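Listed below are the residues making up each chain.
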Protein chains: 2
Amino acid sequence: MRVSVLVVILTIIEEELRVLLIHRSAEPYLGWWALPGGLLLPSESLADAAARKLVEETGVGDVYLEQLFSFDDLDGEVGSVAIAYFALVDSRRVRLRTEAAWEPGWFGVKDLPELAFANAKVIDYAIARLRNKLVYTNVAYSLMPETFPLSDLQAVYESIFGRAFDKRNFRRRMLSQGIIKPTGRTISRGAHRPAELYEFSSRQPMTL
Amino acid sequence: MRVSVLVVILTIIEEELRVLLIHRSAEPYLGWWALPGGLLLPSESLADAAARKLVEETGVGDVYLEQLFSFDDLDGEVGSVAIAYFALVDSRRVRLRTEAAWEPGWFGVKDLPELAFANAKVIDYAIARLRNKLVYTNVAYSLMPETFPLSDLQAVYESIFGRAFDKRNFRRRMLSQGIIKPTGRTISRGAHRPAELYEFSSRQPMTL
DNA sequence: CCAAAAGTGTTCGGCTTACACCCATGT
DNA sequence: ACATGGGTGTAAGCCGAACACTTTTGG
């Protein structure tokens, strides 16, 4: 009975939601793109295994990480179980191991290559969960730097939902839910009025 | 690496939400009350294992069954993983194996005995999930007979949420969501006006 | 005729949505 | 001065919550 852990690592790059994929280094599906993952070590917890994979691939540690679902049909082998997690990272903090044999890469979720096993299903599941959580929690903190202009946050939401939001309504929602708060500082980024900088009220996952 | 499956089997008895517990027949926690479960057989899927456990304990098969969460801290043993499911059954269809050595029994969820491992946490998790699903899906079909007066359904909702609902609002919500529909038949149950019988528009789980 | 549960509409407040103009800055 | 993105208020529709009386039956 084999237990493995899979991690759907999501980020925003160039206003596009992307997922980290690696080349498989073993049969079956040798050389195909797949989600990072591996066997659960005998002494570690599931969350530890997922966090370890995340650090191995991206170098970042303190990010949002949540258990997604457990699958029994992911590596063809009978009696094998995979517990999937999803993580949200700020791509500016990530350093991929591009020297690694498995050549990791970020792929736009609308433009995925053919994947090993049923990995596409796992990614769809992660995106659905992410969209839900964005609505009523602060998970986006894990995609953003400490402070940011509101329009950056809105751009992240729009990338993930694939549609535009009204900026007045967006601001009202974020503030009235108490998810973010103004820092009082501003930032200038071009030939226009400087933007106020905001921060998340909390950078811990909300427990409901 | 051991993989086991746990099932939180919920029902309504005497207007109370209850969970099926058994006596553990092995160490550790020998003789304590615990959720039914067992090892995943080499050739079966996770959902099959959960359904098998459900049939073994209750005799019913075609009910709502959903994966809840996977735990790695449930039987003390390191490297052991338990995938929890929850099921909703109509107690009128259930025949418990009362002759069985483990003496299964229904316990009101507000009045649980001390449980083995962290089973109380799993039950809380199941109840939270159930309450969520009741709001926007038809899962309650699995707790009800084919046809029923609306007040019976409302009583089920009230038992699970632990509070009363306004019957006009309740009726409107159920009908406008299209979860149930009238059958045209009625039922008389006492010295008062007969009730219209309703049925679920679909007795399949909604996939969203 | 009385007791008991079934059935039925309307009002109010809050939330979501849609929508258009002025502001501050760099060049 | 002008181009660019930043910032702001209001009205309309929709949804959920609160609320009381009439209907139909059995005894």
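Please refer to the structure placed before this passage.
Let us look at the structure shown here.

Residue and element names in this part refer to chain B. Axis separation between helix α2 (residues 119-136) and helix α3 (residues 150-161) bottoms out at 10 Å; the angle between their running directions is 145°. Helix-helix and strand crossings are classified by hand; for α2 and α3 the assignment is left-handed. Touching Leu 130, Arg 131, Leu 134 and Val 135 of α2 are Tyr 157, Ile 160 and Phe 161, all from α3.

Residues and elements named next belong to chain B. Where strand β8 (residues 147-149) and strand β10 (residues 195-200) come together, three bridges link them in antiparallel fashion. Residue pairing for β10: Thr 147 is matched across the bridge by Glu 199. Relative to β10, strand β9 (residues 180-187) is paired through five bridges, and the arrangement is antiparallel. Bridge pairing in β10 places Lys 181 opposite Glu 199.

A separate point is the sheet that holds β8 of chain B. Strand-to-strand pairing in sheets goes through backbone hydrogen bonds, with the strands running parallel or antiparallel. Residues and elements named next belong to chain B. Reading across the sheet, the three strands line up as β8-β10-β9 and stay open at both edges, with antiparallel pairing between neighbours. Strands with a single pairing partner mark the edges of an open sheet, and in this sheet they are β8 and β9. Here the average twist between neighbouring strands, direction ignored, is 40°. Strands β8, β9 and β10 of the sheet are contacted by α3, whose axis makes an angle of about 85° with β8. On top of the sheet, helix α4 (residues 167-176) reaches β9 and β10; it is set at about 120° to β9, its chief contact.

It is worth spelling out a nonpolar patch on the surface at this point. Residues and elements named next belong to chain B. A cluster of nonpolar side chains, contributed by Val 135, Tyr 136, Met 206 and Leu 208, occupies part of the molecular surface with about 420 Å² of accessible area. Note on placement: Met 206 falls in the segment after β10. What makes Met 206 partly exposed here is its relative accessible area of 41%.

Taken together, 20 residues form the shell around DNA strand C, and within it Arg 168 and Ala 191 of chain A together with Ser 151, Lys 167 and Glu 196 of chain B come nearest. The sugar-phosphate portion of DNA strand C accounts for 42% of its atoms within 4 Å of the protein, the bases making up the rest. The separation between a base nitrogen of DNA strand C and a polar side-chain atom of Asp 166 of chain A is 3.3 Å. In the model, a base nitrogen of DNA strand C is placed 2.9 Å from a nitrogen or oxygen of the Arg 193 of chain A main chain. Within the residue set of the surface near DNA strand C, elements represented by two or more residues are α4 (167-176) of chain A together with α4 and β10 of chain B. Of the residues forming the surface near DNA strand C, the biggest block, four residues, is contributed by α4 of chain B. Residue classes in the surface near DNA strand C are distributed as five nonpolar, five polar and ten charged.

Another point: the protein's contact with DNA strand D. Near DNA strand D you find 20 residues, and of these Ser 151, Lys 167, Ala 191, His 192 and Glu 196 of chain A are the closest. Within the contact set of DNA strand D, a base oxygen lies 2.7 Å away from a backbone nitrogen or oxygen of Ala 191 of chain A. Between Asp 166 of chain B and DNA strand D, the recorded distance is 3.2 Å, taken from a side-chain N or O atom to a base nitrogen. Those elements giving two or more residues to the surface near DNA strand D turn out to be α4 and β10 (195-200) of chain A together with α4 of chain B. Sort the elements by how many residues they give to the surface near DNA strand D and α4 of chain A lands first, with four residues.

Counting residues at the interface gives 16 residues for chain B and 16 residues for chain A. For the chain B and chain A pair, buried surface summed over both sides reaches about 1400 Å², with 65% attributable to carbon and sulfur atoms. By the criterion of area lost to chain A, the three top residues of chain B are Met 1, Gln 67 and Asp 72 of chain B, representing 36% of everything that side buries. At the boundary of chain B with chain A, the tally comes to zero salt bridges. Linking chain B with chain A are five residue pairs in polar contact (both at pLDDT 80 or more), by the criterion used here. Elements represented by at least two residues in the side of chain B that touches chain A include exactly α1 (46-58), β5 (64-71) and β6 (80-88) of chain B.

How each quantity is defined
Residues numbered from 1 in each chain as written. Chains lettered and ligands numbered in written order. Predicted model: local features only at pLDDT ≥ 70, side-chain atom pairs only at ≥ 80, totals over all residues. Heavy atoms only, no water. Axes fitted to C-alpha atoms, helices over the stretch in contact; angles between N-to-C directions. Helix = DSSP H or I, 4+ residues; strand = E, 2+ residues; numbered from the N terminus. Left-handed = near helix turned anticlockwise from the far one by under 90°. Contact = heavy atoms within 4.5 Å. Pairing = 2+ DSSP bridges. Patch = residues over 30% accessible without salt bridge, like charges linked within 9 Å, V, L, I, M, F, W, Y side chains within 5 Å. Areas by Shrake-Rupley, 256 points an atom, 1.4 Å probe, with all protein chains shown as cover. Salt bridge = Lys/Arg side-chain N within 4 Å of Asp/Glu carboxyl O. Buried < 20%, exposed > 50% of the residue type's maximum accessible area, 1.4 Å probe, protein only. Near = heavy atom within 4 Å. Polar contact = N/O pair within 3.5 Å; in protein donor to acceptor, adjacent residues only side chain to side chain. Nonpolar A, V, L, I, M, F, W, Y, C, P; charged D, E, K, R; others polar. Buried area = accessible area lost by both parts, 1.4 Å probe.

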